[in-house]
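Listed below are the residues making up each chain.
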Amino acid sequence: MDWSGLRTAIRRWCVGEENWVDSRTVYIGHREPPPGTDAYILQKYPDNRIVSSKYTFWNFIPKNLFEQFRRIANFYFLIIFLVQLIIDTPTSPITSGLPLFFVITVTAIKQGYEDWLRHKADNAVNKCPVHVIQDSKVVQKQSRKLQVGDIVMTRENETFPCDMVFLSSSSEDGTCFVTTASLDGESSTKTYQAVQDTKTLRTEAEMNTLNATIECEQPQPDLYNFVGRINIYHETEGPIARPLGSENVLLRGATLKTTQNIYGVAIYTGMETKMALNYQSKSQKRSTVEKSMNAFLIVYLCILISKALITTVMKYVWQSDSIRDEPWFNMKTQTERRRNKFLSSFTDFLAFMVLFNYIIPVSMYVTVEMQKFLGSYFIAWDEEMFDSEICEGPTVNTSDLNEELGQVEYIFTDKTGTLTENNMEFIECCIDGHVHVSRSLSNGQSFYSNVAIDFIDAPCGMADQEREELFFRALCLCHTVQVKREDQTDYQKQHQEHRRSSVYISSSPDEIALVEGVKRLGFTFLQLKDNYMELENPEADIERYELLQTLNFDSVRRRMSVIVRSDTGDIILFCKGADSSIFPRVKEGKLELVRQRVQQNAVEGLRTLCVAYKVLSSEEYNDVHTLLQNAKLALQEQDRKLAEAYDVVERDLDLLGATAVEDRLQDKAAETVEALQKAGMKIWVLTGDKMETATATCYACKLFRRNTQLFELTTKRIEEQSLHDVLFDLSRTILRQSESLPRDSYSGFSQDDLHDYGLIIDGATLTLILKPAENGSSSNYKDLFLELCRNCSGVLCCRMAPLQKAQIVKLIKSSKEHPITLAIGDGANDVSMILEAHVGIGILGKEGRQAARNSDYCIPKFKHLKKLLLVHGHYYYIRIAQLVQYFFYKNVCFMFPQFLYQFFCGFSQQPLYDTAYLALYNISFTSLPILLYSLMEQHVSIDALKRDPSLYRDIAKNSLLCWKLFLYWTFLGAFDAVVFFFGAYFLFDNSTMTSNGQMFGNWTFGTLVFTVLVFTVTLKLGLDTHHWTWINHFVIWGSLLFYIIFSLLWGGIIWPFLNYQRMYYVFMQMLSTGPAWLGIILLITVSLLPDIVKKVIYRQLWPTAAEKVQDILRQSKRDHVSEFTPLAPAQSSIYTNNIHSSYQQTKTVSVPHSRKAMHTYWTEDAYCNNSSSFDYSGNHCPSNVRCTFVGYGLETAV
């Protein structure tokens, strides 16, 4: 039987599916097309309701419970709880049910509150008023009732309620200005164009006469691409088809600026808008700590099963003796004797599982989540990472990877906008080999310089004036820059020249720099109005060019073009782009001269663009227009067809020259790179720039140094030798010498390496290395390439496409070492590698906020990466590693005495602790101290971590959660448990402990063990705490006090809701005896002593780098002045910082018993040390800097 029709009907009815076609047809104003045209097909689309919430009132409880019990630990405790309910177990179901209920409830309340906030926000958005054109009138309705096809009117400063095709505006030229900060974070104003045939419809009545349909692609999450066309029907003429692009689409969430009102037709509504489609979360990333937790959990689960098996077997061995099996006071019934042995043993096994199940720390997951969530605020609150220029600080998009910041081994960084400022300054232009320089003076004036440079066979003298002016006109016309008056925007570069107050706006800083540079050379771009571009020449004449076509820039072509018609009727194509993209398409021009200058500028670290042109005849342009129009109107594979059309048009060019723009290095970028390298991280620069430019930037940021020996793995070298020969030549050179060098297990080379290697590779060669070959030899190339890179201090990958950046990151991630990777970038071309890396960092740059929106963490500048990793990452990892190990330790201490107790109670499954203690141990008595520790612990100071990056190496490779330390914590917990149990056991050997000869029972014994347990694990955490605050004191001592008060109340009152009173007066009677007090103090001391002795011995014989710094800090506090002064500034100091002037710098301090000191002077964030020796009588010692040392008394103090 064929059920396909029924399935299709159900699917359509449930989700309103549209047969899964690739395009949709929208009827503007819900008007049917004229007879004889396309058939009117009524289509169903979702309304404009936005739903960002996860739950509803009806499905919250079942859906939330389902999601929580998908976690293994929760599901495990649920099974244990059900077992306790079904069979006769030694402990009450409350002991498992209460912790589980607490964990589930806390998580549900947190998620429910967050979802309630989302519901509240959704309702506010869905009920906001919008204006719709109906029957030539403006009608107001709620946003959620908006439908696809409605004509919407939006006024100034209002937000667009849905995705709309821009039909017309109050401006005569059919443009509007929009800010998209809520979509991509860009604060600049963007210009959008109305459909050419509808921009004259400016009233409701005129808009009501429009009869048209829009054919467009189905909803896509890409904010920057749109494919569609509009068909306009006239009564007297046939339908007119016009292409639609992203410049014609106004997206939901954007805001209308400096435009009175606009009209648009809704094409995507509700959850189909591009903004809603971008709500979808990225793939979940799991941290190394989480993986270690799961591995440790499996080990403890095996321990639990082993304990249950051992005690089950031992129970039946014990009961093999009939006297033990059936004592006279507990004879079995006939039913018990006939019971199946296998069923009995299985029931006993489950009972023992229930008895020992607390060794699995279910509350650890809640504590870890709270630690991550609360700890993430420390990054957002860090004032040192706040940037005053953009008035923004760091942002945490996910808190699940906080500790991963302390485990980074490889950093992949973009160059432009990440290492550099992406603030371009026009330096020079080269026209037919002759250089023109424009420089601005400090008073705002500028001078114009034409410098003739003799290249190879270049003739001395000026370039041809006609070609020179053509070059300048090309820079004025070949761009997408918009000109706005100063009062139309509040953020861009302002110009006060030629009595005009205007700003240049563009998504590309390069274009603004070029337009501003050519303006200083005499040609000023004025405006784009009614499809005409206006410029002012040096004679102050206004020239007008009709803009016929714009071939937009893309990262694959790496060029853009415009086709314009001059006043004389000449049709000219101007093209500018990267040299690798322009040179192969040049037919005429002085190619070699320009190439020489481009290479020289690239070596100096300048960004270069080449400019070319081509004159088109009317017939040629008609062919070009037809080709481009057909490609733009295509709804299927439009990108491919446009690329093919662009490739045909941009051929046989005449090279005019090239430009050079400087992109300065970001503040403290070099210092940050140097610090990260000292921390043991390998840094790779992945950029689309040419090799020479990127190499110069790498030298400037200290990725490469003067003694770095560079090796090239580029297309040029592959042409001379085969890839096989080049790789093996490099391997013989690099690997042979590196084998003899001292090695560091983490960073590859030690800090005293004699050889420093750097590798440069381009995108084309990388493609060959990664390309699978028929004989399978590519894997050998890949492994050899990885080995080469691992032995280089820095790697530069130039001419990289965005996808290749992600491939590089994936290649390193999947290598046999499985290192932790971090990718950082600021543009849309960096999103792929940011999503691929273990940790993605977005820079709040000038290329939009795509990288920031897709990242795990967002920082204002590259320099903030230093503190994010070396301080925050270091602290997060130290804290959570201690949290995980401590949780397993305290649960071993908790449950191992219960296991030992079975050997003394005939394996009768008798619990050692009371039900209340079992339920509250992990929830109340020991939870808060470790949570506060994991939020506030600082084993060394922040300044020490920033000034000594090598401390980062101490925690590399997940060293604090390795199996060696895990076993140490486990055995330490087992040792302490043995001390608790047998110490109390031998103390109870003389059972008459009270003066009246009263005998203590098993509950007093268990309470004594539990009291020692709580005090020991809490004081153990206190011994591990280095950074004490009043909060730590309050929580640690408060937890112990809470335990005492609870025990007094629990055993001091007869609780009417309990069916037993076994704990009545037990705790108070235990504390009324002197031996109990002595035993508690003695057992706590014996339990903590081995760990203390171990720490003292290891600190003296094998101290870690962090412990050395702690000793230095401690010594500096005692002696006031330390030889390592940067970590211990002297007290009572007076600084007069005039290092850059002729003044003196003084520092005064009184230091007892000091002969040798190291003077440190500070200038902003840098410091300098001057080691000097002083005698007892010297009062003044000169220094190599402008400082004065003033002595007091018998000593010379600093």
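Heads up: the structure comes first, above all this text.
Calculation rules
- Residues numbered from 1 in each chain as written.
- Predicted model: local features only at pLDDT ≥ 70, side-chain atom pairs only at ≥ 80, totals over all residues.
- Heavy atoms only, no water.
- Helix = DSSP H or I, 4+ residues; strand = E, 2+ residues; numbered from the N terminus.
- Buried < 20%, exposed > 50% of the residue type's maximum accessible area, 1.4 Å probe, protein only.
- Contact = heavy atoms within 4.5 Å.
- Areas by Shrake-Rupley, 256 points an atom, 1.4 Å probe, with all protein chains shown as cover.
- Axes fitted to C-alpha atoms, helices over the stretch in contact; angles between N-to-C directions.
- Parallel < 35°, antiparallel > 145°, perpendicular 65-115°, else oblique.
- Pairing = 2+ DSSP bridges.
- Expected span 1.5 Å × (residues − 1).
- Patch = residues over 30% accessible without salt bridge, like charges linked within 9 Å, V, L, I, M, F, W, Y side chains within 5 Å.
- Salt bridge = Lys/Arg side-chain N within 4 Å of Asp/Glu carboxyl O.
- Polar contact = N/O pair within 3.5 Å; in protein donor to acceptor, adjacent residues only side chain to side chain.
- Left-handed = near helix turned anticlockwise from the far one by under 90°.
- Nonpolar A, V, L, I, M, F, W, Y, C, P; charged D, E, K, R; others polar.
- Phe/Tyr/Trp six-rings, centres within 6.5 Å; stacked < 30°, edge-to-face > 60°.
- Lys NZ or Arg CZ within 6 Å of the ring centre and 35° of its normal.

A. Inspection of the overall build of the protein at higher detail. Scanning the protein from terminus to terminus reveals 37 helices and 42 strands. Taking all 1198 residues of the protein together, the buried fraction comes to 53%. In the protein, the proportion of contacts linking residues at least 24 apart, taken out of those at least 6 apart, comes to 70%. When the accessible surface of the protein is split by element, carbon and sulfur atoms take 56% of a total near 55600 Å².

B. View of the packing of helix H29 (residues 915-925) against helix H33 (residues 1002-1024). One way to put it is that H29 packs onto H33 with a least axis distance of 12 Å and a crossing angle of 10°. One element, H29, and the other, H33, form an angle in the roughly parallel class. Within the contact between the two elements, H29 uses Tyr-917, Tyr-921 and Phe-925 and H33 uses Thr-1007, Phe-1010, Leu-1013, Val-1014 and Val-1017.

C. Inspection of the sheet that holds strand S3 (residues 137-142) at higher detail. Pairing is antiparallel across the open sheet formed by six strands, whose spatial order is S3-S2-S4-S13-S5-S11. The sheet is open, and its two borders are formed by S3 and strand S11 (249-250), each paired with just one other strand. Alignment of strand S5 (residues 163-169) against S11, held across two bridges, turns out to be antiparallel. By the bridge assignment for S11, Val-165 is matched with Val-249.

D. Representation of helix H14 (residues 509-520) within the structure. Across its 12 residues, H14 extends 17 Å between first and last C-alpha, which sits within 8% of the 16 Å expected from 1.5 Å per residue. Among the 12 residues that make up H14, 11 are buried, leaving the element largely enclosed by the rest of the structure. For H14, the full list of buried residues reads Pro-509, Asp-510, Glu-511, Ile-512, Ala-513, Leu-514, Val-515, Glu-516, Gly-517, Val-518 and Lys-519. Directly beyond the C-terminal end of H14, a positive phi value near 115° is found at Gly-522.

E. Spatial organisation of a nonpolar patch on the surface. Residues Met-370, Phe-373, Leu-374, Tyr-377, Phe-378 and Trp-381 make up a contiguous nonpolar surface patch of about 570 Å² in total accessible area. Within the element layout of this structure, Phe-373 appears in helix H12 (residues 363-380). On the accessibility criterion, Phe-373 (34% relative accessible area) is partly exposed.

F. Broad picture of helix H17 (residues 618-633). In a regular helix each residue adds 1.5 Å, so 16 residues correspond to 22 Å; H17 covers 22 Å between its end C-alpha atoms and thus fits that length. Looking at the packing, one finds that the buried side of H17 touches strand S9 (228-232), strand S10 (240-244), strand S24 (542-551), strand S25 (559-565), strand S26 (571-577) and helix H18 (638-649).

G. Broad picture of the environment of Ser-950. Relative to the helices and strands, Ser-950 resides in the loop between helix H31 (942-947) and helix H32 (963-987). Along the backbone, Ser-950 and Leu-676 are 274 residues apart, and their C-alpha atoms lie at a distance of 8.9 Å. Among the polar contacts listed, one links the side chain of Ser-950 to the side chain of Asp-948, at a separation of 2.6 Å.

H. Layout of the pattern of salt bridges. In total, this model carries 39 salt bridges according to the counting rule given. With a shortest N-O distance of 3.6 Å, Lys-702 and Glu-674 are connected by a salt bridge. Separated by 28 residues along the polypeptide, Lys-702 in the loop between helix H20 (691-700) and strand S31 (708-713) and Glu-674 in helix H19 (residues 669-678) bring together distant segments of the chain. Here the residues in one salt-bridge network are Asp-382, Glu-384, Lys-867 and Lys-946, joined through shared partners.

I. Structural detail: the packing of helix H3 (residues 72-86) against helix H11 (residues 341-356). The contact between H3 and H11 brings their axes to 10 Å, and the two run at 125°. When the axes of H3 and H11 are compared, the pair comes out oblique. Where H3 crosses over H11, the two elements pack in a sense that is left-handed. Across from Tyr-76, Ile-80, Val-83 and Gln-84 in H3, the residues of H11 making contact are Leu-350, Met-353 and Val-354. Looking at the contact of H3 with H11, its residues break down into six nonpolar, one polar and no charged.

J. The packing of aromatic side chains, seen in detail. Scanning all chains against the criterion turns up 58 aromatic pairs. Between Phe-352 and Phe-356, the aromatic rings sit 6.0 Å apart at their centres with planes inclined by 20°, giving stacked as the arrangement. In this pair, Phe-352 and Phe-356 are both assigned in helix H11, four residues apart and thus about one turn of the helix distant. Here Phe-352 falls in the buried class, since its relative accessible area comes to 0%. For Phe-356, a relative accessible area of 0% gives the class buried. Note on Phe-981 and Phe-1005: the rings are 5.5 Å apart at their centroids and 85° apart in plane angle, and the pair reads as edge-to-face. One end of the pair, Phe-981, is in helix H32; the other, Phe-1005, is in helix H33, with 24 residues separating them in the sequence. Taken individually, Phe-981 and Phe-1005 each receive the classification buried, so the pair is uniform in this respect. Sitting above the plane of the Tyr-968 ring, Lys-1094 keeps its charged end 4.6 Å from the centroid. The ring of Tyr-1098 has Lys-1094 sitting right over it, with the charged end atom 4.9 Å from the ring centre.

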